[in-house]
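Residue-level structure breakdown
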There are 2 protein chains.
Amino acid sequence: MYEQLKLDNQLCFRLYTASRLITQAYRPYLEPLGITYTQYLVLMVLWEKDNLLVSEISERLMLDTNTVTPLLQRMEHEDLLVRTRSVVDARQKLVSLTKKGRRLEEQAKEVPACMVAKLPFLGNDPTRIQAFIENLNGMIDMLKE
Amino acid sequence: MYEQLKLDNQLCFRLYTASRLITQAYRPYLEPLGITYTQYLVLMVLWEKDNLLVSEISERLMLDTNTVTPLLQRMEHEDLLVRTRSVVDARQKLVSLTKKGRRLEEQAKEVPACMVAKLPFLGNDPTRIQAFIENLNGMIDMLKE
DNA sequence: TTAATTTATATCGTTCACGATACAAAAATA
DNA sequence: TATTTTTGTATCGTGAACGATATAAATTAA
């Protein structure tokens, strides 16, 4: 038995588990809105700035087009957004919120507070959260190359 | 535009991204062994203690049976393990490593060091890593209910 | 002992995530 | 201008994740 292969020693396993549980924790708030966590991420990007290219959304979420395209197709099918061919460059596709997609922002604005409430330890110490996010950002920077 | 709905403010998005990138970072080391990251997790559990019930693996990885069962089926198909009906309780299924599954441990023992090398900032400050893991464990404890 | 309930695992359907590949449009090169 | 290369998006196939449901075996209750 190699010590380094023990599950409990693995930072990565914790990260993987925490990420899964976070997604699960969002579900009760997002399901009533008819969206998944990944779709919520797309919407947050578009709420911040509408009419983006597929590639811009892709870059913002650090996801490849082979993940983003089907995701946007499903969201278009749900009438959350529309994808229109760019006139400047016919390869590009412009993603824009529909009325329904825009309206969801109003309903979603309480979601972050609900999630914070599920993670009380985070509320206590702002510098601790900051350090935590710094660590995550550090990892992301190192791995995204 | 609600401030709390900005993507950059979201700890959860960082966690989600870091987790994805970690899994991607494992790939070059695990693919030569013919396994995925999740399969590697199962193997780590079994290398630590062989002959476990499906429910024990499930609990250890905090994954439900509807994830674990198909996973184990694929791994059985790859001749990494076998699943045998328990004689004590015919509902239970015992999961045991095959020779091939056991041999993989030897090949996998370098993987953790390779991953640490990909995350140099972690090597510098052990207390920082510890605090990081504590935060993750804290989140997991709060979310697993 | 029979019937109802609980438990352990499995199946089904949907959505991600992602490597590999395809395809058409644009840009670069000949 | 014709050809090649690059770029932006899409398609395909596979393996997770996971909610919902199913099934058979064990346990409990009647």
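See the structure printed just above.
The structure contained in this document is the topic of the report that follows. (Residues numbered from 1 in each chain as written. Chains lettered and ligands numbered in written order. Predicted model: local features only at pLDDT ≥ 70, side-chain atom pairs only at ≥ 80, totals over all residues. Heavy atoms only, no water.)

Quick look at the packing of aromatic side chains now. Applying the stated rule across the entire model yields eleven aromatic pairs over all chains. When the ring of A:Tyr37 is compared with that of B:Tyr16, the centres are 5.7 Å apart and the planes differ by 80°; the resulting orientation is edge-to-face. On the criterion of chain membership, the pair formed by A:Tyr37 in helix H2 (residues 37–48) and B:Tyr16 in helix H1 (residues 11–30) is interchain, its members lying in two chains. As far as the burial class goes, A:Tyr37 and B:Tyr16 line up, both buried. Each member of the aromatic cluster is reached from another via a ring pair, and the members are A:Phe13, A:Tyr16, B:Tyr26, B:Tyr37 and B:Tyr40. Positioned over the ring face of A:Tyr16 is A:Arg20, at 5.4 Å from the centre of the ring. (Phe/Tyr/Trp six-rings, centres within 6.5 Å; stacked < 30°, edge-to-face > 60°. Helix = DSSP H or I, 4+ residues; strand = E, 2+ residues; numbered from the N terminus. Buried < 20%, exposed > 50% of the residue type's maximum accessible area, 1.4 Å probe, protein only. Lys NZ or Arg CZ within 6 Å of the ring centre and 35° of its normal.)

Turning next to the relation of the copies chain A and chain B. Note on the copies: chain A fits chain B at an RMSD of 0.0 Å, the axial shift is 0.0 Å, and the rotation between them is 180°. Given the turn and translation reported, the copies of this chain are related as if by a two-fold rotation axis. By residue overlap, the copies meet face to face through one surface: 100% of the interface positions of chain A are interface positions in chain B. (Least-squares fit on C-alpha atoms with pLDDT ≥ 70 in both. Contact = heavy atoms within 4.5 Å.)

Now for the protein's contact with DNA strand C. Looking at DNA strand C, there are 26 residues lining it, with A:Thr36, A:Asn66, A:Arg74, B:Tyr16 and B:Gln24 nearest. At the protein interface, 75% of the atoms of DNA strand C within 4 Å belong to sugar or phosphate. In this structure, a phosphate oxygen belonging to DNA strand C sits 3.4 Å away from a side-chain N or O atom of B:Arg27. At a separation of 3.0 Å, a phosphate oxygen of DNA strand C approaches a polar side-chain atom of B:Lys93. (Near = heavy atom within 4 Å. Polar contact = N/O pair within 3.5 Å; in protein donor to acceptor, adjacent residues only side chain to side chain.)

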